[in-house]
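Observations on chain architecture
Here are the chains, one letter per residue:
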Amino acid sequence: MRSENDVETRLAGRLAELRVEHGWALDELAERTGVSRSTLSRLERAEISPTAALLNKLCAVYGRTMSRLLAEVESEPPQLVRAERQSLWRDEAAGFTRRSVSPPHPGLRGELVEGVLLAGGGVSYDEPPVPGLEQHIWVLDGALEISAGGATHELRAGDCLRFRLWGASRFHCPGPGPVRYALMIVLP
């Protein structure tokens, strides 16, 4: 099983590479993302772990989904990924765990992700990483509130919500227990 610290170190390196590939100084990236220069610098040196919201902002400026970015820090994704080999990422402050179930691949448009939010936990995104991103959210256990496109949807186990994402979104677990859901992401 991979160490989370190894993934975070490779992620920090990849974020620094992406900034250099775009020809941006830290100040320019800070202006584009609204994230302080010092936070970006510490992130690229693997001194801090990124939150889901911070990664989403970076994905938006780089035109990538979070799954694609996380896949870029892995080796070439295989066709089959056993459960124990699936990448797991946590945002402890948000009570959020994200598992990349299917390996994203540059030649494919769909990805499957498992999300778990603890009761009262939530994740907000200012914008989609790719405008027009299609999402299918199927609640497996618990309850989930999703705000997107000016509407709030309350989902229970078995419910599925589908939409294209153009603006801000929020995932929130109202409780009383955690929520576990499958998220199918389809690039436009």
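Preceding block: the structure.
Described in the following lines is the structure provided in the data block. (Residues numbered from 1 in each chain as written. Predicted model: local features only at pLDDT ≥ 70, side-chain atom pairs only at ≥ 80, totals over all residues. Heavy atoms only, no water.)

Here's the deal with the packing of helix H2 (residues 26-33) against helix H3 (residues 37-44)
- Contact pair H2 / H3: the axes reach a minimum separation of 9 Å and the direction vectors enclose 115 degrees. Relative to H3, the element H2 is oriented roughly perpendicular. Here H2 and H3 pass one another in a crossing that is right-handed. Residues Leu26, Asp27, Leu29, Ala30 and Thr33 of H2 lie in contact with H3, whose contacting residues are Arg37, Leu40, Ser41 and Glu44.
- Taken together, the residues of the contact of H2 with H3 sort by class into four nonpolar, two polar and three charged. (Axes fitted to C-alpha atoms, helices over the stretch in contact; angles between N-to-C directions. Helix = DSSP H or I, 4+ residues; strand = E, 2+ residues; numbered from the N terminus. Parallel < 35°, antiparallel > 145°, perpendicular 65-115°, else oblique. Left-handed = near helix turned anticlockwise from the far one by under 90°. Contact = heavy atoms within 4.5 Å. Nonpolar A, V, L, I, M, F, W, Y, C, P; charged D, E, K, R; others polar.)

Brief notes about the sheet that holds strand E8 (residues 160-165)
- Spatially, six strands are ordered E1-E2-E3-E10-E5-E8 in an open sheet, and the strand pairing comes out antiparallel. Both edges of this open sheet fall to strand E1 (88-91) and E8, since each of them pairs with a single strand only. In this sheet, adjacent strand axes meet at a mean angle of 20 degrees when their direction is disregarded.
- As defined by bridge partners, strand E5 (residues 133-141) adjoins strand E10 (residues 179-186) across seven bridges and the pair is classed as antiparallel. Looking at the pairing, Asp141 lines up with Arg180 of E10. (Pairing = 2+ DSSP bridges.)

Let's talk about H3
- Along H3, the positions that sit buried rather than exposed are Leu40, Ser41, Leu43 and Glu44. For H3, the angular spread of buried residues about the axis comes to 160 degrees, placing them on one side.
- Note on H3: the residue one or two positions beyond its end, Ala46, has a positive phi of about 60 degrees. (Buried < 20%, exposed > 50% of the residue type's maximum accessible area, 1.4 Å probe, protein only. Arc of directions from axis to C-beta.)

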